[in-house]
Amino acid sequence: MKRTKIIHLFDAKTSPGSVLIKGWVKTRRDSKTFSFIEVNDGSCLANIQIIADDSLDNYDVVKTLSTGSSVAVTGLLRESPGQGQTWEIAASAIHIYDIAPEAYPLQKKRHSDEFLRTIGHLRPRTNKYGAVFRIRSELCHAIHKFFHDRGFTYIHTPILTGSDCEGAGDLFRVTALNLENLPKKEGKTDYSLDFFGKPANLTVSGQLEAELLALALGDVYTFGPTFRAENSNTARHMAEFWMIEPEMAFCDLEDDMSHAEEFIKNLIVHAMDHCARDLDLFANFVDKNLMKTLENIVSAEFVRLPYTDAVDIVKQSGHKFEFDIEFGKDLQTEHERYLAEEHFKKPVVIYNYPKTIKPFYMRVNDDGSTVAAMDVLVPRIGEIIGGSQREERLSILERRMEETGMNKEDYWWFLDSRRYGTVPHSGYGLGFERLIMLITGIANIRDVIPFPRTPGNIEF
RNA sequence: UCCCCAGUAGCUCAGUCGGCAGAGCAGGUGGCUGUUAACCACCGUGUCCGCGGUUCGAGUCCGUGCUGGGGAGCCA
């Protein structure tokens, strides 16, 4: 008999008769002549209830099934006379793959997230983590669908890169040299002997390469891993995270902001439509206000707020802040939270930042002091998107590189894109894990990715 | 990296003023019941994070290191 996934059992309108399911035991309750066994196979949050009675030839072993044990169950799918579930399986045979011993760390009871992080290899078997990882998968699908529906080309930007000063943070150096015995030239490491003949790093962003593809294919996006060697110890940062970076030719900052807003709303709607059961868990046990928050984001028109106005609002708020704000200083987390959570109570897009606090590639505005940058701030998470209209004018771009102390020769290929048929274009980066935090209500970024990479932690 | 908090049974945590190490859950045994975070009775469980110090005596006080958490910076 062919195995049926448990999610499909719950779709049934009428019983298909006998079925075969395979999965892991969540819990067992015994009566005198029979047992209730709840089995989960990861296809959905819900367990299927198995009725095993003493007519089974291995009932004496079935009665010892513990949480975490693996089984294959054949039996009749029938309406359950009990409360709490519509269907149950009256087992005619139970094959036991393995009985999990007493040392199995997961219990029926709820565990703390901190403890579960120490057993990252087993936590996907819990309800909560199973649900996050299913939602994560569904949203990957939604992201590709969103762009595909709009005629974007999915491109792959390199993971290994030779550019080292994009201004996006500290880099992980990649080398094939023997670190115990580095070749030296005039006292310094001789990278001419390294694999690529020069220093190489893990990418911090696919943006520069995506720009090149946008200036050929029109609308493109990348969706891949990104690496930052920053010693960040917060609930919102990891050394390895996944980023979605659209890049659009013939697109100005206005279009860029509209696109970002549509994107976020589309993904939230997709999650509510396709992950309702899993989202219920988060709405019930993680964040009681989750559905209200999500509905608010979907229905609200995002506020568009120039940086200077944001500064004025913060200054005139009458609120006590730890840090002062004035033109030329970046908004602190407390200021961003005040704007999104208290003042507007909905997502806020802040744009036209001072050029002194933004990287070289952002387009200089006519005022000469600001750049066409935009950050999307959402309640609870803070910055979820950072983007800009790119500087398409060669001379200004070169001047900005000089101002920020960059070596133009290293970026000859990037500058070529402004030399030959340059056009206005824009793009942004959305942190995938921060999106999952927003949609699930999970507060710590380490809990929305199966194997988080943070300073001092690379187990599993 | 900086500031704050925590580390005690497999898990969650209590431990008063410095004086014999505790509870619930999980686990085991028996019972009961179409049960559903089942229920009832009984049973076992310790490097009190490591190192050093103060003290007659330290889980408790002091110093230090490690680990985890919250906040900040950097950002997505």
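Rules used throughout
- Sequence order as written defines the numbering, with residues in each chain counted from 1.
- Numbering of ligands from 1 and lettering of chains from A proceed in the order in which they are written.
- Reporting in this predicted model follows two pLDDT cut-offs: at least 70 for local features of residues, and 80 or more for side-chain atom pairs to be given and counted; totals over whole chains, interfaces and linings ignore these cut-offs and use all residues.
- Working from all heavy atoms in the structure, the side-chain values ignore hydrogens and water.
- In this scheme, a residue with accessible area under 20% of its type's maximum is buried, one over 50% is exposed, and one in between is partly exposed, where area comes from a 1.4 Å probe on protein chains only.
- Helix and strand labels come from DSSP, where a helix needs a run of H or I of at least four residues and a strand needs a run of E of at least two; each type is numbered from the N terminus.
- Throughout, a residue-residue contact means that at least one pair of heavy atoms, one from each residue, lies within 4.5 Å.
- Pairing between two strands is assigned when DSSP locates at least 2 bridges connecting them.
- These domain boundaries are the output of an automatic or database domain assignment.
- Take the accessible area each of two parts loses on contact, using a 1.4 Å probe, and add the two losses: that sum is the buried area.
- By definition, a salt bridge exists where a carboxyl oxygen of Asp or Glu is found within 4 Å of a side-chain nitrogen of Lys or Arg.
- Here a polar contact is taken to be a pair of N or O atoms separated by no more than 3.5 Å, where protein atoms must pair a possible hydrogen donor with a possible acceptor and residues adjacent in sequence count only if both atoms sit in side chains.
- Residue polarity is assigned by list, with Asp, Glu, Lys and Arg as charged and Ala, Val, Leu, Ile, Met, Phe, Trp, Tyr, Cys and Pro as nonpolar; anything else, Gly included, falls into the polar class.
- To define a nonpolar core, start from buried Ala, Val, Leu, Ile, Met, Phe, Trp, Tyr and Cys residues and group those joined through side-chain atoms within 4.5 Å.
- A single heavy atom is enough: if one lies within 4 Å of a molecule or strand, its residue is considered near that molecule or strand.

### Describing helix α5 (residues 207–217)
Then step 1. Along α5, the residues classified as buried are Gln207, Leu208, Glu209, Ala210, Glu211 and Ala214.
Then step 2. Elements that come into contact with the buried residues of α5 comprise β7 (160–161), β12 (219–227), β13 (240–249), α12 (412–419) and β18 (425–431).
Then step 3. Where α5 ends, the next residue or the one after it, Gly218, has phi of about 95°, a positive value.

### Some points on unusual backbone geometry
Then step 1. The phi torsion at Phe250 lies on the positive side, around 55°, for a residue other than glycine.
Then step 2. Here Phe250 is to be found in the loop between β13 and α6 (253–274).
Then step 3. Here the phi dihedral of Lys345 falls at roughly 55°; this positive angle occurs in a residue that is not glycine.
Then step 4. Mapping Lys345 onto the fold places it in the loop between α10 (333–343) and β15 (348–354).
Then step 5. Residue class for Lys345 comes out exposed when judged on its relative accessible area of 54%.

### Remarks on the sheet that holds strand β16 (residues 370–378)
Within a sheet, adjacent strands bond to each other through the backbone by hydrogen bonds, running parallel or antiparallel.
Then step 1. Within the open sheet, the 8 strands sit side by side as β6-β12-β13-β18-β17-β16-β15-β14. Their pairing is mixed. Looking at which strands have only one partner, the edges of the open sheet turn out to be β6 (153–154) and β14 (303–306).
Then step 2. As judged from the 2 bridges shared by β6 and β12, these two strands associate in the parallel manner. Directly across from Tyr154, in β12, lies its bridge partner Tyr221.

### Notes on the domain arrangement of chain A
Then step 1. Structurally, chain A comprises domain 1 (6–98) and domain 2 (124–168 + 204–447).
Then step 2. Regarding the contact of domain 1 and domain 2, the summed buried area is about 540 Å², with carbon and sulfur atoms giving 45% of it.
Then step 3. Applying the counting criterion to the domain 1 and domain 2 interface returns 0 salt bridges.
Then step 4. Taken together, domain 1 and domain 2 are joined by 3 residue pairs in polar contact (both at pLDDT 80 or more).
Then step 5. Its residues placed into classes, the side of domain 1 that touches domain 2 shows 3 nonpolar, 3 polar and 1 charged.

### Thoughts on the pairing of β18
Then step 1. In terms of burial, β18 is a largely internal element, 7 of the 7 residues being buried.
Then step 2. As defined by bridge partners, β13 adjoins β18 across 5 bridges and the pair is classed as antiparallel. Among the inter-strand pairings, Met243 is bridged to a residue of β18, identified as Gly431.
Then step 3. Sheet topology places strand β17 (residues 382–389) next to β18; 5 bridges connect them, and they run antiparallel.

### As for the nonpolar core
Then step 1. If you look at the biggest cluster of nonpolar residues, it comprises 63 residues, and the most contacted ones within it are Leu139, Phe263, Ile264, Met374, Val376 and Ile385.
Then step 2. For this core, the element with the highest residue contribution is helix α4 (residues 127–149), accounting for 10 residues.
Then step 3. If you look at the next biggest cluster of nonpolar residues, it comprises 31 residues, including Val303, Ala310, Val311 and Leu331.

### Side note on the protein's contact with RNA strand B
Then step 1. By nearness alone, 47 residues border RNA strand B, and Asp30, Gln83, Thr234, His237 and Arg434 come closest of all.
Then step 2. Among the atoms of RNA strand B close to the protein, meaning within 4 Å, 50% are from sugar or phosphate groups.
Then step 3. Within the side chain of Arg117, one N or O atom sits 2.4 Å away from a phosphate oxygen of RNA strand B.
Then step 4. Within the contact set of RNA strand B, a base nitrogen lies 2.8 Å away from a side-chain nitrogen or oxygen of His237.
Then step 5. Elements that contribute at least two residues to the surface near RNA strand B include exactly β1 (18–30), β2 (34–40), β3 (48–53), α3 (113–118), β13, β17 and β18.
Then step 6. When grouped by side-chain class, the residues that make up the surface near RNA strand B number 10 nonpolar, 19 polar and 18 charged.

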